[in-house]
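Breakdown of the fold
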Amino acid sequence: MKFIVSSSALLKQLSGINGVITSSPVVPILENFLFEVSEGKLTVTASDLQTSMITEIDVESKESGSIAVPARILLDTLKNLPEQPVTFSIDEDTYAVEISSDNGKYKLSGENATDFPKVPTVSDGYSFNVSTDIFSKAVNNTIFATSNDELRPAMTGVYMKLTDTNATFVATDGHRLVRYRRVDVAEDIDHPIIIPRKALNLLKATLPSDNTNVNVEYNATNAFFKFNNIQMICRLIDERFPDYENVIPMDNDNEMSIDKGEFLSSLRRISIYANKTTHQVRLKITGSELQISAEDLDFSNEANERLSCEHDGDDLEIGFNAKFLIEMLNNVDSKEILMKFSAPNRAGLIFPKNGDENEDILMLVMPVMLSNYN
Amino acid sequence: MEKYSTVSRSIVHMDLDSFFVSVECLRNPALKGKPLIIGGSSRRGVVASCSYEARRFGVRSAMPIALARQLCPHLINISGDMEAYSKYSRLITDIIKDDVPLFEKSSIDEFYIDATGMDRFFGTVKWAGELRQKIMKESGLPISMGLSINKLVSKVATGEAKPNGQRHIPYGMEKAFLAPLPIQKIPMIGDKTARFLTDMGIFNVRTLREMPVEILAAALGSNGVALWKKANGEDNSPVIPFREQKSISTETTFQKDTIDVQFLKNVLTAMVEKLGFKIREKQKLTACITVKLRYSNFDTVSKQCRIAYTSSDHTLIKKAQELFDQLYNRRMLIRLIGVRFSELVHGNYQISLFDDTEETIRLYEAMDKIKHKHGSLKLMRASSLDLNMRLKDSIPSFNGNE
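Residues numbered from 1 in each chain as written. Chains lettered and ligands numbered in written order. Predicted model: local features only at pLDDT ≥ 70, side-chain atom pairs only at ≥ 80, totals over all residues. Heavy atoms only, no water.

With an unreviewed UniProt entry as reference, chain B is termed DNA polymerase IV, source organism Mangrovivirga halotolerans. On record in UniProt, under Sequence similarities (unreviewed entry), the comment for chain B is "Belongs to the DNA polymerase type-Y family." Its UniProt record gives chain B a comment under Catalytic activity (unreviewed entry), which states: "DNA(n) + a 2'-deoxyribonucleoside 5'-triphosphate = DNA(n+1) + diphosphate". (UniProt positions renumbered as here; feature names shortened; annotations may be inferred.)

Looking up chain A in an unreviewed UniProt entry gives the name Beta sliding clamp, with the organism given as Mangrovivirga halotolerans. Recorded under Sequence similarities (unreviewed entry), the UniProt text for chain A is reproduced unchanged: "Belongs to the beta sliding clamp family."

Written as structure tokens, this is what we have:
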């Protein structure tokens, strides 16, 4: 089998899907790209068994056939070649691959394409369309709150549910939670899924910045994303997502509004002085003043700042992990935020005050127990 | 080729004389001059500290109490009050802190002081002697001290000065001072090493020093080289100022070896509860928990496990039980059980969204409040109730205190 393709065009497509390939995969063949040529089209697949990405590119070829090509060597070769047509010649008996360019010839040994695991397809699925712009926003707003705890797989992904009125994305690590809801995406599906973090990170990296359409199709086990000439299939997390609706407090009526920028930069400064492991900071709201403080007893470091805020409720002193607050505020696209509290040992809520009217964002963060024995 | 600066240091070592006994005598002067030991009163107990009067009968610390009684039938045995000892220890630390910029508290009753440079103003011997008098006057407890160019020689000098004395080894006299002493006087030489060296014909430090270092290295490995350096009075270790506590632990030896797994687990729970309250009170979190078991044949096994930073009893108890289940796999009697929390950091418990309910958080808060106000033994899990007497009796390990 033989085909000719532009080196830079191929590199561009391969770079888009290369992120799937892990450095030490479960089966060695997954260190390869699967090349399948037929009718002047080259289809390339990369996979880690959980997630697979597929891309297509036009090539000059009269034959059809398939081969698995070592990803690392091929990418390094293409990266260092000047733009030009390159010819791939494949010996289908020995799986030898020869790449010829104007500069010379490179030989590498491929593997039998039939050893490459079969990529699943979605059948009997639900499907909806969403713009890349909105989908990226939903992912960016939630993915940071997912958990790394492999013992609780349900929390290592983002929960997604579409109903006839809205689309809801939820992520939590057990200490904080983000619920991102949109009313301009709706489909009467009502069948929630949990998409693994790795797949979403890959999507984040490959979703084009120009506003195109993403087609999402899924059933109980797999989800399928399609945009431009890239497709991604991922196995879903087959676990029950924690009952998040029930832990969102409804009666937090101690309200504080504050300028997001000021609050965020103050937190950044104060957290420098907090303990490096716990990042613990103390918020003290008295009247219309917010005092933020932290201390690190090991180094005798301490800091405190005062900010003015609008406050409606009793005075309150509450402790938080500053990292959580900072990550959340970093993702808020609003000049002002509204925080709602009830008690020092109960969840605090953060809402953007002025944002996109199609968006409904709720962020929840659990406090640390400030024990005062007085 | 000298790598280290040759400026000689002045290191003071101070050690309270039979600390626990001295405290008891201070609290009850009637005990003065009597053969007295501190140690658990149970059959299994060992002597934690003994008065000089008791030593005259051959009683030594770490000796089983039953044996001590045989040696000295009219021995007075007090079970000991760690809280009081800690209090006095803190008192002395405070006195030293007032006068000394650089000191190390190496145990509940021992201090190293770096007095380098003091001679320019006061004369080190005079200054250290005055500090020692001040401690004795203000605390009422006898303390001995040694002064030399390093920690090792000073510690040995203190040992020679005891009881209630002081000893100065002038610069250059270290080797001459150590030479005639029996090898057991060198810290690090325990019973086993001493017997090993005696079998080689080495009885005093001079002989040890004159041994070719290669022979010691061949016989004892890297320890041999360290030993030889010590015999030569060499010790470059610095005085390390008081450090934040990095771990907390407790252990208990049973009156009678047991194989009752439920009982062992209850003891474990009670211990974790006790330590858990302690770290919460100090506003700390732990990231590593260790469980230790000693079988009746003295085989000691331990297993540790990293966890996310926490101070919550139910997480810690669950982990401790898991470790115990993994560890206890021989059907053999258990003699001792212990728990340690390490990698402590300052901080408070991060409440979890799904694992903690509001009720449990409030319950723990209320429990800690009561324990703080009325003592940690006033409120506990029902499973710990009947164990409490035994745990209270056992001598707490010093690791956890101070």
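From this point on, the discussion continues.
The subject of this paragraph is the overall build of chain A. Tallying secondary structure elements over chain A gives seven helices and 25 strands in all. Projected onto its principal axes, the C-alpha positions of chain A cover 80 × 50 × 35 Å. The proportion of buried residues among the 374 residues of chain A is 55%. Sequence-distant contacts, at least 24 apart, represent 66% of the contacts inside chain A between residues at least 6 apart. Here chain A displays about 17200 Å² of accessible surface, and carbon together with sulfur accounts for 45% of that area. (Helix = DSSP H or I, 4+ residues; strand = E, 2+ residues; numbered from the N terminus. Buried < 20%, exposed > 50% of the residue type's maximum accessible area, 1.4 Å probe, protein only. Contact = heavy atoms within 4.5 Å. Areas by Shrake-Rupley, 256 points an atom, 1.4 Å probe, with all protein chains shown as cover.)

This brings us to the overall build of chain B. Tallying secondary structure elements over chain B gives 15 helices and 13 strands in all. In terms of overall size, chain B behaves like a compact globule, its C-alpha atoms giving a radius of gyration of 24 Å where 402 residues would be expected to give roughly 21 Å. Expressed along its principal axes, the backbone C-alpha trace of chain B runs to roughly 70 × 55 × 50 Å. A burial count over chain B gives 47% of its 402 residues as buried. In chain B, of all internal contacts separated by at least 6 residues, the share reaching a separation of at least 24 is 65%. In the form shown here, chain B has an accessible surface area of approximately 20100 Å², with 53% of it arising from carbon and sulfur atoms. Positive and negative side-chain charges in chain B, numbering 59 and 45 respectively, have mean positions lying 3 Å apart. (Rg over C-alpha atoms; globule rule 2.2 N^0.38 Å. Lys, Arg positive; Asp, Glu negative; His and termini not counted. Charge placed at Lys NZ, Arg CZ, Asp CG, Glu CD.)

All names here are of chain A. Judged by side-chain charge, Glu63, Asp91, Glu92 and Asp93 come together as a negatively charged surface patch. Summarising the element assignment, glutamate 92 is placed in the loop between β6 (85–91) and β7 (96–100). What makes glutamate 92 partly exposed here is its relative accessible area of 39%. (Patch = residues over 30% accessible without salt bridge, like charges linked within 9 Å, V, L, I, M, F, W, Y side chains within 5 Å. Salt bridge = Lys/Arg side-chain N within 4 Å of Asp/Glu carboxyl O.)

This brings us to the UniProt feature "domain: DNA polymerase III beta sliding clamp N-terminal" (unreviewed entry) in chain A. Under the present numbering, the feature "domain: DNA polymerase III beta sliding clamp N-terminal" (unreviewed entry) in UniProt falls on residues 1–120 of chain A. For residues 1–120 of chain A, the end-to-end C-alpha separation is 26 Å, with 17% helix and 42% strand making up the annotated structure.

Okay, the pattern of salt bridges next. Residues and elements named next belong to chain A. Throughout the structure, instances matching the rule amount to 39 salt bridges over all chains. Across the salt bridge formed by glutamate 245 and arginine 179, the nearest N and O atoms sit 3.8 Å from each other. With glutamate 245 in helix α5 (residues 244–247) and arginine 179 in strand β12 (residues 176–182), this residue pair connects regions lying 66 residues apart in the sequence. Residue class for glutamate 245 comes out partly exposed when judged on its relative accessible area of 38%. Ionic pairing is found between glutamate 245 and arginine 181, a salt bridge with its closest N-O pair at 3.4 Å. Residue glutamate 245 is located in helix α5, and its partner arginine 181 is located in strand β12; the two are separated by 64 residues in the primary sequence. Of the residues examined, arginine 181 reaches a relative accessible area of 18% and is grouped as buried. Overlapping salt bridges, with partners in common, bring together Lys137, Arg182, Asp184, Asp356 and Glu359 in one network.

What follows is about the UniProt feature "binding site: Mg(2+)" (unreviewed entry) in chain B. Residue and element names in this part refer to chain B. What UniProt calls "binding site: Mg(2+)" (unreviewed entry) maps, in this numbering, to Asp15 and Asp109. The greatest C-alpha distance among the annotated residues, which extend across 95 residues, is 5.8 Å, indicating that they converge on a single site. Given the relative accessible area of 12%, aspartate 15 is considered buried. Leaving out residues up to four positions away in the same chain, aspartate 15 has contacts with Asp109, Glu110, Ile143, Ser144, Thr158 and Lys162. Structurally, aspartate 109 can be placed in the loop between β5 (103–107) and β6 (110–114). Given a relative accessible area of 17%, aspartate 109 falls into the buried group.

With that settled, consider the nonpolar core. One finds A:Phe3, A:Phe33, A:Phe35, A:Phe88, A:Phe225, A:Phe263 and A:Leu290 to be the most contacted residues of the largest nonpolar core, which totals 100 residues. Among the elements that line this core, the one with the most residues is helix α7 (residues 322–330) of chain A, at six residues. Of all hydrophobic cores here, the second largest spans 33 residues; its members include B:Met14, B:Leu131, B:Met145 and B:Leu147. (Core = buried A, V, L, I, M, F, W, Y, C linked by side-chain atoms within 4.5 Å.)

Another point: the pairing of strand β2 (residues 32–38) of chain A. On any regular strand, side chains alternate: one points to one face of the sheet, the next to the other face. Residue and element names in this part refer to chain A. Judged by how many residues are buried, β2 sits mostly within the fold: five of seven residues are covered. Both β2 and strand β5 (residues 65–70) contribute to a ladder of six bridges, which runs antiparallel. The partner of valine 37 across the bridge, within β5, is glycine 65. Here β2 pairs with strand β3 (residues 41–47) via five bridges, running antiparallel. Within the sheet, the bridge partner assigned to valine 37 lies in β3 and is leucine 42. Remark: two residues form the turn of the hairpin made by β2 and β3, two consecutive strands paired antiparallel; glutamate 39 in that turn has positive phi of roughly 50 degrees. (Pairing = 2+ DSSP bridges.)

We now examine the interface of chain A and chain B. Contacts between chain A and chain B engage 30 residues on the former and 25 residues on the latter. The contact between chain A and chain B buries some 2400 Å² in all, and 59% of this surface belongs to carbon and sulfur atoms. In this assembly, chain A and chain B are joined by two salt bridges. A:Arg152 is the salt-bridge partner of B:Asp355, the closest N and O atoms lying 2.9 Å from each other. (Buried area = accessible area lost by both parts, 1.4 Å probe.)

A few words on the sheet that holds strand β16 (residues 230–235) of chain A. Residues and elements named next belong to chain A. Read from one edge of the open sheet, eight strands run β5-β2-β3-β4-β16-β15-β14-β9, paired in antiparallel fashion. The strands lining the two open edges of the sheet, one partner per strand, are β5 and β9 (126–131). The mean angle between the axes of side-by-side strands here comes to 20 degrees, regardless of whether they run parallel or antiparallel. Across the face of the sheet, helix α1 (residues 7–17) comes into contact with β2, β3, β4 (51–58) and β16 while running at roughly 165 degrees to β4. On top of the sheet, helix α3 (residues 132–142) reaches β9, β14 (213–218) and β15 (222–227); it is set at about 100 degrees to β9, its chief contact. (Axes fitted to C-alpha atoms, helices over the stretch in contact; angles between N-to-C directions.)

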